[in-house]
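# Summary of structural features
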Amino acid sequence: MKTLITNIKELLQVRETSISKVSGAEMALLPTIKNAYLVIENNIIADFGSMENCPKINTDTIIDAAGKMVLPTWCDSHTHIVYAGNREQEFVDRINGLSYEEIANRGGGILNSAKKLNETSEEEIYNQSKVRLEEVMKLGTGAVEIKSGYGLSVEGELKMLRVIKKLASNYPIAIKATFLGAHAFPLEYKDNHEGYIDLIINEMLPKIAKENLAQYIDAFCETGYFSVAETERIMEAGLRFGLIPKVHVNQFNAIGGIQACVKHKALSVDHLEVMNPEDIEVLKNTGTMPVALPSCSYFLSIPYTPAREMISAGLPLALATDFNPGSTPSGNMNFVVATACIKMKMTPEEAINAATINGAYAMGLSETHGSITVGKKANIIITKPITSFYQLPYAFGSNLIDAVMIEGEVIS
Ligand code: NIG
Ligand code: FE
């Protein structure tokens, strides 16, 4: 199968040689080719360049992209897409004045989703989750990380991870799985943290490793959830089973989680709404990708990750959705990119880099995803006719996507 896309008004995120991420001032540079062509062979990017050099080749399909932009699909490195039911009532409770913390303290929040998940069959969870996966694919996401963390029991966590595995084998989109047994303490372990962490380490992790159900390990490192010492124990146990840390830190409080994650060579640290100068300092010159989740800040009305300070300090930054039923019931990466520009003062170039190549890095996929590079997966967004790529964040409420191609196939 060979596809030729011609007359592309502007081909974005073109990287002749493969890079793994962009940091600091480099984030403002988004290489593009105006009036371009792109050749896809089987499911791989085979060639691209300026229209004046467009090869005369026989192809199965020709797509005329006159007036349209082509860019790599979004790489959403932080989601909780697999869950049961919803938390609409808590949303209304928050409108009426309760805080996220107050709701959690009443047994709502993560524990509410865990109750629902444990009462729902694996098949039903799969059916509910695949609707969300299909929705985000149509919104331009071509690679996604999905976490467990609403089971909080051996069976519940395994059930979630098996659903993720089934989604990964039934859909063309790349999916990475993260084990988040340490998302909250179940009620019965409220006063026995050791006991629950022992359950994670001695019961859950060996089974997950045996069935090869996850690549990454996560914990909610936060006041009232997992302390830094508890998070370190979990990271160390995960590493013994070959799971690399990708951790929820600094959402509401800066308690030293980032330092612990850097020490354990975490692939990413995620949320970062509350950052001290020392949190920024410790991330410099490390392999740990900071990940911001602006839709969560928007939905909960909490601070946004200080992108400008972090980029000025030379750090890279990735953007992801955090799609989950409590803090971010949206998997729309287009909204994430727009919100990063509008609220975090990232330029469109920075936001697109953060949502493509840096997102790919934050889930170990930058060799195959996140840029227009020969040999990478043919995962592309073809926009509607637009004046410039600045329209993507500028027209923040509009769907500017004409077509999404994942591994060479247009999805409908
Ligand atoms: O990333 N902060 C921790 N976990 C999720 C929210 C979980 C929930 O409210 O269900 C998050 O925001
Ligand atoms: Fe999250």
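Residues numbered from 1 in each chain as written. Chains lettered and ligands numbered in written order. Predicted model: local features only at pLDDT ≥ 70, side-chain atom pairs only at ≥ 80, totals over all residues. Heavy atoms only, no water.

### Considerations on the pattern of salt bridges
By the definition in use, this model includes 14 salt bridges. Here Lys68 makes a salt bridge to Asp402, at a shortest N to O gap of 2.9 Å. You can see Lys68 sitting in the loop between strand 4 (61-64) and strand 5 (69-72) and its partner Asp402 sitting in strand 15 (residues 401-406), a full 334 residues away along the chain. Since its relative accessible area comes to 42%, Asp402 is described here as partly exposed. Its salt-bridge partner being Glu90, residue Arg87 comes within 2.7 Å of it at the nearest N-O pair. Here the two residues Arg87 and Glu90 agree in accessibility, since each one is buried. In the salt-bridge network here, residues are joined through shared partners; they are Glu145, Lys147 and Asp218. (Salt bridge = Lys/Arg side-chain N within 4 Å of Asp/Glu carboxyl O. Helix = DSSP H or I, 4+ residues; strand = E, 2+ residues; numbered from the N terminus. Buried < 20%, exposed > 50% of the residue type's maximum accessible area, 1.4 Å probe, protein only.)

### Some details on the side chain of Arg132
Structurally, the position occupied by Arg132 is in helix 4 (residues 122-138). Put simply, Arg132 is tucked away with no salt bridge, and the nearest opposite charge, on Glu135, sits 7.4 Å away. Here the side chain of Arg132 touches Ile81 through a polar contact of 2.7 Å, landing on its backbone oxygen. Sequence-distant contacts of Arg132, that is, excluding residues within four places in its chain, are made with Ile81, Val82, Tyr83 and Phe323. (Lys, Arg positive; Asp, Glu negative; His and termini not counted. Polar contact = N/O pair within 3.5 Å; in protein donor to acceptor, adjacent residues only side chain to side chain. Contact = heavy atoms within 4.5 Å.)

### Re the nonpolar core
Core analysis: the biggest nonpolar cluster contains 115 residues, and Leu133, Leu167, Phe179, Leu319 and Met346 have the highest contact counts within it. Of all the elements, helix 6 (residues 193-210) adds the most residues to this core, at eight residues. Per-domain counts for this core show at least three residues from each of domain 1 (2-72 + 370-410) and domain 2 (75-361). Once you skip the residues sitting within four places of it in the chain, Leu319 turns out to touch Cys75, Ala292, Pro294, Met333, Val336, Ala340, Met344, Met346, Ala351, Ala354 and Ala355. Counting residues in each nonpolar core, the second largest holds 18 residues, with Ile5, Leu11, Val14 and Ala65 among its members. (Core = buried A, V, L, I, M, F, W, Y, C linked by side-chain atoms within 4.5 Å. Domains from an automatic or database assignment.)

### Structural notes on empty space enclosed by the protein
Where empty space is left in the structure can be found by rolling a water-sized probe over the atoms. For the structure shown, the criterion picks out three cavities of 30 Å³ or more. If you add up the space inside the largest cavity, you get close to 100 Å³. In terms of lining residues, the largest cavity is bounded by 14 residues, among which His80, Tyr100, His183, Asn324 and Ser327 are the most central. A volume near 60 Å³ is recorded for the second largest cavity. Taken together, Arg87, Glu90, Phe91, Arg94, Tyr100, Ile103, Phe299, Pro325 and Gly326 make up the lining of the second largest cavity. Broken down by element, the lining of the second largest cavity gets its largest block of residues, three residues, from helix 1 (residues 88-95). Taken together, the residues of the lining of the second largest cavity break down into five nonpolar, one polar and three charged. (1 Å grid on protein atoms, 1.4 Å probe; cavity = no way out; pocket = protein on both sides within 12 Å on 5 of 7 lines; lining within 4 Å. Points joined across faces, edges and corners; volume = space filled by probe spheres on them. Nonpolar A, V, L, I, M, F, W, Y, C, P; charged D, E, K, R; others polar.)

So, to be careful, I would describe these as geometric facts and stop short of saying anything about function.
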